[in-house]
Structures are given as structure tokens and as C-alpha cells.
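Commentary on secondary and tertiary structure
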Amino acid sequence: MTEMIDQIQKRILEEVADLHAVPEGAYNIRANGESAGRRSTANIEITSKTGASGIDIRIKPGTKNESVHIPVVLSETGLKETVYNDFFIGEDSDVVIVAGCGIHNCGSQDSQHDGIHRFYVGKNAKVRYVEKHYGEGDGAGRRILNPGTEVYMEAGSSMEMEMVQIKGVDSTDRVTTAELAEDARLVVKERLMTHGSQSAVSVYKVSLNGAGASADVVSRSVARDDSFQKFDACLTGNAPCHGHTECDSIIMDRGRILAVPQLEANDTGAELIHEAAIGKIAGEQLVKLMTLGLTEAEAEAQIINGFLK
Amino acid sequence: MLELKNISYEVDDEGGHVGILKDVSLALPSDRFVVITGPNGGGKSTLAKVIAGVKKPTGGQILFDGQDITGLNITERARLGISYALQQPVRFKGIRVIDLLRIAAGQELTAAQSCEYLSRVGLCARDYIHREVNASLSGGELKRIEIATILARGTRLSVFDEPEAGIDLWSFQSLIRVFEDMRKSIAGSTILVISHQERILSIADEIIVVADGRITRQGPREEVLPELIGTPSAMAGCEMLQERG
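Residues numbered from 1 in each chain as written. Chains lettered and ligands numbered in written order. Predicted model: local features only at pLDDT ≥ 70, side-chain atom pairs only at ≥ 80, totals over all residues.

What follows is about the overall build of chain A. Summing up its helical and strand segments, chain A has three helices and 20 strands in all. In terms of overall size, chain A behaves like a compact globule, its C-alpha atoms giving a radius of gyration of 20 Å where 309 residues would be expected to give roughly 19 Å. (Helix = DSSP H or I, 4+ residues; strand = E, 2+ residues; numbered from the N terminus. Rg over C-alpha atoms; globule rule 2.2 N^0.38 Å.)

Attention shifts here to helix 7 (residues 172-185) of chain B. Think of an α-helix as 3.6 residues a turn; residues three or four steps apart then line up on the same face. Residue and element names in this part refer to chain B. When the terminal C-alpha atoms of helix 7 are compared, their 20 Å separation across 14 residues agrees well with the 20 Å that a helix rising 1.5 Å per residue should span. Those residues of helix 7 lying buried are Leu175, Val178, Phe179 and Met182. End-on view of helix 7: buried residues confined to an arc of 90 degrees, all on one side of the axis. Residues of helix 7 that are exposed and angled more than 90 degrees away from the buried face: Gln173, Asp181, Lys184 and Ser185. Among the structural elements, strand 3 (33-37), helix 4 (111-120), helix 6 (139-153), strand 7 (157-161) and strand 8 (190-194) are those in contact with the buried residues of helix 7. (Expected span 1.5 Å × (residues − 1). Buried ≥ 20, exposed ≤ 12 C-beta atoms within 10 Å, placed from the backbone. Arc of directions from axis to C-beta. Contact = placed C-beta atoms within 7 Å.)

Where the parts come together, the accessible area they lose is often given as the size of the interface. Listed by partner, the interface residues are 20 residues for chain B and 16 residues for chain A. Listed by contribution, the elements that provide at least two residues to the side of chain B that touches chain A are helix 2 (74-80), strand 6 (82-85), helix 3 (97-105) and helix 6 of chain B. Broken down by element, the residue count for the side of chain B that touches chain A peaks at four residues, all from helix 2 of chain B. Tallied by class, the residues present in the side of chain B that touches chain A amount to eleven nonpolar, five polar and four charged. (Nonpolar A, V, L, I, M, F, W, Y, C, P; charged D, E, K, R; others polar.)

Residue and element names in this part refer to chain A. With respect to the helices and strands, the residue Glu66 is situated in strand 5 (residues 64-74). As for Glu66 and Phe88, which are separated by 22 residues in sequence, their C-alpha atoms are 14 Å apart. In this view, Glu66 contacts Gly25, Thr41, Asn43, Ile44 and Val95; residues no more than four positions away in its chain are not counted.

Here we take up the packing of helix 4 of chain B against helix 6 of chain B. Residue and element names in this part refer to chain B. Two elements in contact, helix 4 and helix 6, have axes separated by 9 Å at closest approach and are oriented at 125 degrees. The angle between the axes of helix 4 and helix 6 places the two elements in the oblique class. Along this stretch, helix 4 crosses helix 6, giving a crossing that reads as right-handed. For the pair formed by helix 4 and helix 6, the contact residues are Tyr117, Leu118 and Arg120 on the first element and Ala148, Leu151 and Ala152 on the second. (Axes fitted to C-alpha atoms, helices over the stretch in contact; angles between N-to-C directions. Parallel < 35°, antiparallel > 145°, perpendicular 65-115°, else oblique. Left-handed = near helix turned anticlockwise from the far one by under 90°.)

The next point concerns the nonpolar core. In terms of nonpolar packing, the biggest core is built from 144 residues, with Met153(A), Leu180(A), Leu186(A), Ile51(B), Leu101(B), Ala148(B) and Val159(B) touching the most fellow members. In terms of residue count, the dominant contributor to this core is helix 6 of chain B (seven residues). Setting aside residues up to four positions removed in sequence, Met153(A) forms contacts with Val121(A), Met159(A), Ala178(A), Glu179(A), Leu180(A), Ala181(A), Ala184(A) and Leu186(A). (Core = buried A, V, L, I, M, F, W, Y, C linked by C-beta atoms within 7 Å.)

On to the sheet that holds strand 4 (residues 59-64) of chain B. Residue and element names in this part refer to chain B. Here we have four strands laid out as an open sheet, ordered 2-1-4-5, and antiparallel in their pairing. On the outer flanks of this sheet lie strand 2 (16-28) and strand 5 (67-68), each paired with one strand and no other. With five bridges connecting them, strand 1 (residues 2-13) and strand 4 associate as antiparallel partners. Along strand 4, the bridge assignment pairs Lys5 with Gln61. Those strands touched by helix 1 (residues 44-52) are strand 1, strand 2 and strand 4, and its axis lies near 65 degrees from that of strand 2. (Pairing = 2+ DSSP bridges.)

Let us look at the sheet that holds strand 1 (residues 26-31) of chain A. All names here are of chain A. Within the open sheet, the ten strands sit side by side as 2-1-5-7-9-12-14-16-18-20. Their pairing is mixed. Taken across any chain shown, the strands that pair with only one partner, and hence form the sheet edges, are strand 2 (34-39) and strand 20 (270-279). On average, adjacent strands in this sheet sit at an angle of 5 degrees to one another, irrespective of strand direction. Here helix 1 (residues 7-17) sits on the sheet and contacts strand 1, strand 5, strand 7 (94-104) and strand 9 (126-136); the angle it forms with strand 7, its principal contact strand, is near 135 degrees. Relative to the sheet, helix 3 (residues 296-308) contacts strand 12 (158-167), strand 14 (185-194), strand 16 (214-223) and strand 18 (241-251), its axis offset from that of strand 16 by approximately 160 degrees.

What follows deals with the packing of helix 3 of chain B against helix 6 of chain B. All names here are of chain B. Close contact between helix 3 and helix 6 brings their axes to 7 Å; oriented N to C, the two are set at 35 degrees. As helix 3 runs across helix 6, the sense of the crossing is right-handed. Contact residues: Val97, Leu100, Leu101, Ala104 and Ala105 in helix 3; Ile145, Ala148, Thr149, Ala152 and Arg153 in helix 6.

A few words now on the environment of Ile62(B). Residue and element names in this part refer to chain B. Looking at the secondary structure, you find Ile62 in strand 4. On the basis of neighbour count, Ile62 is assigned to the buried category, with 22 C-beta atoms found within 10 Å. Here the alpha-carbon distance between Ile62 and Pro89, two residues 27 residues apart in the chain, equals 25 Å. Ignoring anything within four residues of it in the chain, the contact list for Ile62 reads Leu4, Ile7, Ile51, Ile69 and Thr70.

What follows covers the confidence of the model for chain A. Within chain A, residue pLDDT values average 90, and 97% of them lie at 70 or more. When mean pLDDT is compared element by element in chain A, strand 11 (residues 148-153) of chain A scores highest at 96, while helix 1 of chain A scores lowest at 73. (pLDDT = per-residue confidence, 0-100.)

This part covers the pairing of strand 3 (residues 44-48) of chain A. Residue and element names in this part refer to chain A. Here strand 3 runs beside strand 4 (residues 54-59); their pairing, made up of five bridges, is antiparallel. From the neighbouring strand, Ile44 faces strand 4, where its bridge partner is Ile59. In this structure, the hairpin formed by strand 3 and strand 4 is closed by a connection of five residues, where Gly51 is found at a positive phi of approximately 85 degrees.

Moving on: unusual backbone geometry. A positive phi is found at Asp225(A), a non-glycine position, where the angle reads about 50 degrees. By the secondary structure assignment, Asp225(A) is in the loop between strand 16 and strand 17 (228-237). For Asp23(B), which is not glycine, the phi dihedral falls at a positive 55 degrees. Looking at where Asp23(B) falls in the secondary structure, it is placed in strand 2.

Right, let's talk about helix 3 of chain A for a bit. Compared with the 18 Å implied by 1.5 Å per residue over 13 residues, the 18 Å span of helix 3 of chain A between its first and last C-alpha is a close match. Those residues of helix 3 of chain A not exposed but buried are Ala299(A), Gln302(A), Ile303(A) and Phe307(A). Down the axis of helix 3 of chain A, the sector holding all buried residues measures 125 degrees, keeping them to one side. Buried residues in helix 3 of chain A make contact with strand 16, strand 18 and helix 2 (283-291) of chain A together with helix 3 of chain B.

To continue, consider the pairing of strand 6 (residues 80-89) of chain A. All names here are of chain A. Bridging between strand 4 and strand 6 involves six bridges; their strand directions are parallel. Looking across to strand 6, one finds that Ile59 is bridged to Ile89. Relative to strand 8 (residues 111-121), strand 6 runs parallel, the two being bridged by ten bridges. Among the inter-strand pairings, Thr82 is bridged to a residue of strand 8, identified as Asp114.

Pasting the structure below:
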């Protein structure tokens with residue numbers, strides 16, 4: 001790992017990007033607002049933006065089986081930043097993009113990272129995108145992450161997004177928008193757990209504009225303690241298309257969850273489905289695992305781990 | 001091994017208490033295969049739940065190997081060596097069959113070891129171990145997985161609540177073989193099964209009839225079974241299938 005990374009930052013990188021060493025392939029590591037390491041490859045070029053904070057990632061058409069890691073760590077209290085990262089993904093490429101942001105805040109001031117990611121996915125390109133958020137530190141300062149994600153998908157492209165936020169982020173306001181051309185396919189898997197007095201808002205606006213486009217947006221979440229979550233998913237079908245959104249939540253303690261499903265069909269060929277379920281852990285699930293020898297707390301942990309897997 | 005002394009279980013209903021179990025006393029020695037039968041609504045499942053700790057009796061005492069376990073919870077009883085297979089198996093999102101078997105065994109299991117338990121309940125293991133125990137499994141598949149978790153635990157006392165329910169396609173012979181294997185592999189183990197199935201009753205050492213919250217008959221199979229043949233307490237397989245439609 002590069003010398004500019006200290007021990008705390010190293011651990012956070014492991015949490016958000018499974019990074020134990022310098023990643024293979026292209027990468028850009030941002031630590032406390034500055035670049036702490038970057039590598040471009042023959043097919044993937046990373047350059048700094050001029051006039052704004054952030055980077056451009058250009059992936060050449062036909063690039064196969066390559067990956068890009070762009071983790072962000074904040075370990076200084078009181079740091080607030082807004083970063084714009086733009087991904088230009090060439091036609092027919094097949095790549096994995098791992099993002100993620102970890103905040104370590106032991107101070108009394110809020111630390112905040114607002115990452116705006118824009119994806120321009122070329123024709124027939126395939127992208128797998130993984131984004132993990134993590135916060136830690138026992139200071140009074142809050143850890144705030146407000147990710148904005150915009151996805152523009154050309155014909156026949158596909159994108160799988162895995163977004164995970166399990167621990168330590170005090171406040172999140174996430175907005176994800178996507179526009180799909182014909183035969184484009186978007187799959188979103190969101191995993192979210194909030195605790196303490198955290199608040200998490202997740203908004204999706206997906207427009208299915210081309211014939212044969214499909215989107216599947218699935219959120220599984222757990223709200224514990226006094227935390228609050230809002231899941232607001234809107235699918236708009238502007239052509240013959242398939243859209244499915246699902247919000248499946250476990251509520252515990254004094255947690256609160258608001259699910260706002262919205263479907264808008266502007267074409268008779270649009271087939272849109274929404275499912276939402278909120279409930280506490282079923283008593284019989286606890287009973288079953290306790291009859292296998294687990295304590296109630298262990299049973300609860302197993303059920304939640306499985307649910308959020 | 002297991003002793004119930006004057007167990008009662010009452011629930012509050014409109015206008016007063018209703019007795020589900022009324023002064024039930026019962027002693028199960030080691031190394032026995034005991035079947036409890038009797039009419040629906042007679043208190044059989046409640047009795048199983050009281051033994052497993054899922055329901056707390058409103059009166060009486062439960063002893064396991066001489067130890068008073070009346071005040072122990074489900075987990076404590078499970079750890080002492082009591083297993084309980086639910087009549088209606090539970091579904092879990094995200095927990096796989098192999099995860100459940102590992103929890104049951106209380107240790108890491110290899111895929112091969114997990115497969116062994118599944119094949120004993122007639123499931124082609126490779127197709128199942130990595131599947132989630134969720135709504136994609138049929139009632140019959142869940143029921144067999146439920147039985148496999150009891151095999152993986154290998155405790156001295158195993159209580160099964162209507163193990164044959166929902167496993168029509170699996171031959172009763174296989175289920176009976178599972179019980180016979182269990183008795184052989186766990187020395188001194190006792191198996192308590194709630195069932196109306198004549199084939200299961202016919203391999204019992206002892207039969208107990210529970211009706212209206214009381215034990216109305218208890219004795220060796222040779223004595224009790226002939227009295228039950230032809231009644232709803234001892235149904236032949238085809239009658240059961242007809243009744244379920």
C-alpha cells in the first residue's frame with residue numbers, strides 16, 4: 001500500500017474495498033481530500049478533473065475482465081467534500097468497478113463526503129459496480145455520506161449495482177437515477193442497516209425508455225434502535241419494458257421505516273411490479289434457531305446476517 | 001430420562017381459563033421409541049412445546065436426567081440434549097441449508113458431512129446444501145430439512161411433531177429407517193414422535209394416547225395398537241392422503 005496511507009486508513013480500506021494491498025488493475029485512492037495513489041492501465045485511464053474535484057475514468061471499448069478500484073477514506077474530523085467521478089465505459093467492455101467510502105471520525109466536527117458518480121455505459125457493455133459505506137470513531141462529530149449516482153445506459157448494456165451500508169454512517173441521503181435505452185438491463189441490490197439515531201434515505205428514479213429495457217431494484221434493510229429509513233423507489237416505463245422493485249425490511253427496537261413505492265406506466269407494454277414488506281423478526285424463526293442451541297441474541301444475529309447477505 | 005409431573009397448561013379465553021393440558025404425568029426411560037397419538041386439538045403439540053421449552057407450563061414440573069428443567073428456556077434445554085422438530089418448519093431469507101445444518105451440529109460441517117444428513121432424509125444433497133431455506137422450497141422439502149437438522153444435532157432426546165406431514169412423496173419406509181438409524185447411532189437415545197400414522201405407531205416401543213388434555217391410554221405397542229386400529233389415532237397411509245385430499 002502506498003506510503004501516504006496510515007494504519008487507520010488502511011483498516012478502513014479493508015472494510016470498504018476488501019483491499020489489503022495495492023489492487024490489481026486501475027485504481028485511485030483518495031484520502032482526506034487528496035489523491036493517495038493512482039494507476040491507469042492500457043485500457044483504463046484515470047485523470048483528474050480540471051475546475052472541479054474528482055476524476056474521469058475512461059474505459060476503452062472492448063476492455064474485458066478488468067477492474068477499477070476507487071475507494072475514499074476520511075480520517076480527519078470536520079472534513080467536508082463534494083467529489084465528482086465520471087465513468088465512460090466503452091462499448092462491448094466487461095468490467096468491475098469497486099467504489100466505497102469509509103469515515104473515521106473521532107473528533108467533534110461532522111465529516112462529510114458527497115460523492116457524485118456518473119456512469120455512461122456504452123452499447124452492450126457489462127458493468128458490475130460494488131459500493132460499500134462504512135463509518136467508525138467515537139467522537140461527537142457525525143459521519144455523513146450523501147452519494148448521488150446517475151446511470152445512463154445505452155442499448156443492450158447491463159449494469160449490476162451492489163450497494164452496502166451496514167455500520168457507522170450517521171446520515172445518508174442517497175439518490176440514484178438511471179435511464180435505460182432499448183434492451184438495457186439494470187439490477188440493483190441494496191443492503192442497509194441503521195442503528196443508534198441514524199437516518200438513511202434512499203431514492204431511486206429509474207426510467208425505462210427503450211423497448212425491452214428491464215430493471216430490478218431490490219432493497220433489504222434492517223432498522224434498529226431509534227434509527228429511521230426511507231426507501232423511495234419510482235420506476236417509469238416509457239416503452240414496452242419490465243420493471244420490478246422490492247423493499248423488504250426488518251424493524252427492531254424503536255426503529256422506523258417508510259417505504260414509498262411509485263410506478264408510472266406511460267406505455268401499454270410496460271409491466272411494472274412493486275413489492276414491499278416491513279415486519280419484525282418472526283418469533284418462530286427465533287424459536288427454531290434456539291431449539292438448535294443458539295441464544296436469542298445469537299439467533300437474532302444469524303437471522304439478520306442471513307437477511308443482509 | 002424425561003419425566004413430566006402434573007403438567008398443566010392453561011390459556012385465558014373469554015370468560016375464564018381453558019385447560020389445554022390437564023395434570024399430565026409421564027415418564028420416558030432411555031432407549032425408547034415412543035409415539036403419542038390422539039385426536040386433533042387434544043393437546044399433543046402443546047405437550048411437545050412444553051418439553052422443548054417453547055411454552056411454559058402453568059403448573060407442574062419437568063425433569064431431564066433427574067434435573068429440574070421447568071425454569072430453563074429453549075436454548076438451555078437444547079444444550080442439555082433436547083431436540084425438537086417443528087410441525088410447521090420455518091423459512092429464513094438468506095440462511096442456506098448448510099448454514100442451518102452447521103448451527104444444528106454446533107460445528108463446522110464439510111459439504112460432504114452435510115450431504116450425508118440430507119441424503120438420509122432422501123434429498124439429493126448437492127442440489128440442496130447451498131439453497132436458501134426460503135419460500136423457494138416446498139413444504140415437503142422443508143420438512144425433510146427440519147428432520148435433517150435433528151439428525152445433525154444427535155441429541156439424546158428428540159421430539160418430532162408429525163414428521164410425516166407433507167412428505168407424501170417420500171416413502172414412510174425411509175422415514176422409519178431414519179428413526180431406526182437414530183436409535184442405533186445415539187446410544188441410550190429416546191425418540192418421541194407425535195403421529196397418527198399406523199406405520200409409525202407400529203414401530204413404537206410404547207404408545208401414549210392424549211385426548212382432551214389428558215393421557216387416556218399408555219402402554220406397550222402390542223397392547224395399545226390393536227385398540228387404535230381403524231380409529232383416527234392410527235391411520236393407514238392411504239387414508240391420510242385421502243383425508244388431506
